[in-house]
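For reference, the chains in residue letters:
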Amino acid sequence: MAVSREPQTRAAWVEVDLNAVRKNTRAFKALLRPGVQMMCAVKADAYGHGAVECARAMHASGASQFAVATVDEGVELRKAGIEWPVLMLNESPLQSIDVLLEYDIMPSVYDMDFALAYGERAVALDKVGKYHLAIDTGMSRIGVMPEDAVEFRRMIDFHRGIECAGTFTHFATADVVGDWDFRQQSTRFMDTVGALRDAGLDCGLVHCDNTPGTVLHPELHNDMCRVGIGLYGLHPADTTVPRIQLVPAMSVRARVTRVARPAVGEGVGYGLTYRVPKPSIQIATVPIGYADGLARSLSNNMDVLVRGQRARQVGRICMDQFMFAVDVNDARAYRPVEPVERGDLVTVMGVDGDEEITADEMARRRGTINYEVTCDFGMRLEKVFV
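The paragraphs below set out a description of the structure included in this document. (Residues numbered from 1 in each chain as written. Predicted model: local features only at pLDDT ≥ 70, side-chain atom pairs only at ≥ 80, totals over all residues. Heavy atoms only, no water.)

Structurally, P218 can be placed in the loop between α9 (211-216) and β9 (224-227). Exposure remark for P218: the relative accessible area of 43% places this residue in the partly exposed category. Along the chain, P218 and R33 lie 185 residues apart, while their C-alpha atoms are 9.0 Å from each other. (Helix = DSSP H or I, 4+ residues; strand = E, 2+ residues; numbered from the N terminus. Buried < 20%, exposed > 50% of the residue type's maximum accessible area, 1.4 Å probe, protein only.)

And the structure:
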């Protein structure tokens, strides 16, 4: 398998296909009626895929706004030249207000003290601080309670230093078709928006649909949809799979750094949890470990791809390395198994030949979700954009 570019300092990397990101962005954009904006979530370094590069690819494919989780994530976008609107999906410490205003990062607002401090500082700096009002419709995470929303806005709207640029909520069960809790949340939100408008208050851009909501609930697209995991080619739930075609953007690859053929009975890794069963077994070492996002819980419970075939990971996954086994005399293989050599390309996640290891497969083996898999891989491994 040809690789366009590899890091010079380490034989392991994350590969991000920006063409896949663009294709997925266009697929979501196509679901929206004309005039509905798309906000792309690039928090957690774009779910491990590289926030700056992905934001540029998404904007070129129809995105108009971006969402982050922390002040630093917003600043990173601004310093890289991203000029489009950026929303932080929570409130930040009061000490960060100057940074928000300097870099034009919109906070979510739901605390009175924060809102007033934000406005006061904006006036002092001769600016107007834009924000989005968060409504807690039932997820019990952030937001003003629906029954308090009108009064909350009235108590802060006198301030000339702030401006409501949007009103939103977040759904807990948008992926569950016909769910009662989802219907209750959506009703609460739209009723709250109606009450704010009846009170003469400008809601700005109204948005509530997340990734599954955008696919499954077009009646709630409102002024804007917030899309996250789907932009990276991963489905948030089985319910969205038949409704939109996505292309995974992340692969994880490395080079074999050592090959050995230990004697029968010799152990592999910490605790010697795997022992070599026969003399035809090769043990190969790969420089990726749990500090790179390869969960230790996958030890002796995952495959990798080498030369288009699956090979079993063996022994406990270490902080920076793991090992896999190849039986060069495996009569069950559909084609002869060639000995592994130092420098061979190993695919931990992605496609090699006719075989594929997906983030969903790794998530199932870990007992988690695909979101966590890609976020973890994005923490330390260098990214190569293809």
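Looking at helix α10 (residues 359-366), one finds that the buried residues are A359, E361, M362, A363 and R366. On the buried face of α10, the contacting elements are β16 (309-314), β18 (345-352), β19 (355-357) and α11 (370-377). In the segment just after α10, G367 is the residue with positive phi, at about 75°. (Contact = heavy atoms within 4.5 Å.)

Core analysis: the largest hydrophobic core is formed by 110 residues, its most contacted members being M58, L77, L294, F324, V348, M362 and F377. In terms of residue count, the dominant contributor to this core is helix α3 (residues 51-60) (6 residues). Look past the residues within four positions of M362 in its chain and what remains in contact with it is L294, L298, M302, V348, M349, I357, V373 and F377. Residues V276, I281, C318 and A325 belong to the second largest nonpolar core, which totals 9 residues. (Core = buried A, V, L, I, M, F, W, Y, C linked by side-chain atoms within 4.5 Å.)

Checked against the element boundaries, D320 lands in the loop between β16 and β17 (322-327). In the structure, D320 is positioned 34 residues away from V286 in sequence and 8.7 Å away in space, judged by C-alpha atoms. Sequence-distant contacts of D320, defined by excluding residues within four places in its chain, comprise R10, V286, P287, I288, G289, A291, D292 and R380. Within the structure, D320 has its side chain in polar contact with the side chain of R380 (distance 2.8 Å). (Polar contact = N/O pair within 3.5 Å; in protein donor to acceptor, adjacent residues only side chain to side chain.)

For side chains of opposite charge, pairing can occur when their charged atoms come near one another. This model, assessed by the stated rule, comprises 18 salt bridges. D157 is paired through a salt bridge with R153; the nearest N and O atoms lie 2.9 Å apart. Residue classification places D157 among the partly exposed residues on the basis of a relative accessible area of 34%. Between D327 and K278 there is a salt bridge, with the nearest N and O atoms lying 2.6 Å from each other. You can see D327 sitting in strand β17 and its partner K278 sitting in the loop between β13 (274-275) and β14 (281-286), a full 49 residues away along the chain. (Salt bridge = Lys/Arg side-chain N within 4 Å of Asp/Glu carboxyl O.)

A separate point is the environment of G161. Within the secondary structure layout, G161 lies in the loop between α7 (149-156) and β7 (162-168). Classification of G161 as buried rests on a relative accessible area of 0%. Discounting residues that sit within four places of it in the chain, G161 has contacts with G119, A122, V123, K127, V128 and G129.

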